[in-house]
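A closer look at the structure
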Amino acid sequence: MNDENLITKRLNNDFVTLPKDLYVLNTLAMGVAIQILAKVTGESIEDWKEYVGAKTGEQYRELSAEKIQEIVGSLDNEITA
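The structure reproduced in this document is the subject of the present report. Throughout this description, residue numbers start from 1 for each chain and increase along the sequence as written. In keeping with the predicted nature of the model, local features appear solely for residues at pLDDT of at least 70, side-chain atom pairs appear and are counted solely at 80 or more, and the whole-chain, interface and lining totals rest on all residues. Computation of side-chain values covers all heavy atoms of the structure but excludes hydrogens and water.

Some thoughts on the packing of helix α1 (residues 20-41) against helix α2 (residues 45-62)
In a pair of packed helices, the angle between the axes and the distance between the axes together describe the arrangement. All axes here are fitted lines through C-alpha atoms, helices being fitted over the stretch that makes contact, and every angle between N-to-C directions spans 0 to 180 degrees. Each helix is a run of DSSP H or I of at least 4 residues and each strand a run of E of at least 2, with the numbering of both proceeding from the N terminus. At their nearest, the axes of α1 and α2 sit 9 Å apart, and the two run at 125° to each other. It follows from the interaxial angle that α1 and α2 lie oblique. α2 is crossed by α1, and the crossing has right-handed handedness. Mapping the contact onto sequence places Met 30, Ile 34, Gln 35, Leu 37, Ala 38 and Thr 41 in α1 and Ile 45, Trp 48, Lys 49 and Val 52 in α2. Roughly parallel covers angles under 35 degrees, roughly antiparallel covers those over 145, roughly perpendicular covers 65 to 115, and oblique covers all other angles. Take the far helix as your reference; a near helix turned counterclockwise from it by less than a right angle gives a left-handed crossing, and one turned clockwise gives a right-handed crossing. Whether two residues are in contact is decided by their heavy atoms: any pair within 4.5 Å suffices.

What to know about α1
Between the first and last C-alpha of α1 there are 31 Å, a value that for 22 residues agrees with the 32 Å anticipated at 1.5 Å per step. Residue burial is assigned from relative accessible area. The probe radius is 1.4 Å, only protein chains are included, and a residue is buried under 20% of its type maximum, exposed over 50%, and partly exposed in between. Buried residues of α1: Leu 22, Ile 34 and Ala 38, and no others. Down the axis of α1, the sector holding all buried residues measures 145°, keeping them to one side. Those residues of α1 that are exposed and angled more than 90 degrees off the buried face are Asp 21, Leu 25, Leu 28, Ile 36, Lys 39 and Val 40. To estimate how far a helix should reach, multiply one less than its number of residues by 1.5 Å. As used here, the arc belongs to the directions running from the helix axis to the C-beta atoms.

Quick notes on the environment of Lys 39
In this fold, Lys 39 is placed in helix α1. In this structure Lys 39 comes out as exposed when scored by relative accessible area, which is 74%. For the pair Lys 39 and Ser 74, spaced 35 residues apart in the sequence, the C-alpha separation amounts to 32 Å.

Let's talk about the pairing of strand β2 (residues 14-19)
Two strands are said to pair when DSSP picks up at least two bridges between them. In the sheet, strand β1 (residues 6-11) pairs with β2 via six bridges, with the strands oriented antiparallel. Residue pairing across strands places Arg 10 opposite Phe 15, the latter belonging to β2. Between β1 and β2, which pair antiparallel in sequence order, lie two residues; one of them, Asn 12, sits at a positive phi of approximately 55°.

Focus on a nonpolar patch on the surface
The grouping of Val 32, Ile 36 and Val 40 at the surface amounts to a nonpolar patch, some 300 Å² of accessible area in total. Relative to the helices and strands, Val 40 resides in helix α1. Val 40 sits in the exposed class, given a relative accessible area of 68%. Exposure above 30% relative accessible area and the lack of any salt bridge qualify a residue for a patch; like charges then connect within 9 Å, and the nonpolar side chains Val, Leu, Ile, Met, Phe, Trp and Tyr within 5 Å. In short, Shrake-Rupley with a 1.4 Å probe defines the accessible areas, and a residue's cover is counted only from the protein chains shown. Salt bridges are defined by distance alone: a side-chain nitrogen of Lys or Arg within 4 Å of a carboxyl oxygen of Asp or Glu.

Details of the packing of aromatic side chains
Classification of ring pairs uses Phe, Tyr and Trp, with its six-membered ring standing for Trp, and accepts pairs whose centres are within 6.5 Å; under 30 degrees between planes counts as stacked, over 60 as edge-to-face, and the remaining range as tilted. Inspection of every chain in the model, using the stated rule, returns one aromatic pair. For the pair Trp 48 and Tyr 51, a centre-to-centre distance of 5.6 Å together with 90° between the ring planes defines the contact as edge-to-face. Here Trp 48 and its partner Tyr 51 are both found in helix α2, three residues apart, which amounts to about one turn of the helix. A relative accessible area of 45% places Tyr 51 in the partly exposed class.

Encoded structure:
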């Protein structure tokens, strides 16, 4: 895979590189999920984005280094499958 098909994102003090299509698909999926939640609950998309962002940050801070590596490893398996 050449570099133009990859994206590198900062993750705290580390960086992760993944295929652009996977990054875009995950971003779109999150957007769709938030739109559905907003529609079903009547809350605004902005409120859901803020809530999901806060919960994501909270859960990330609770992860051990081993669990983070396990998640990254599962992404490696998804990319190569």
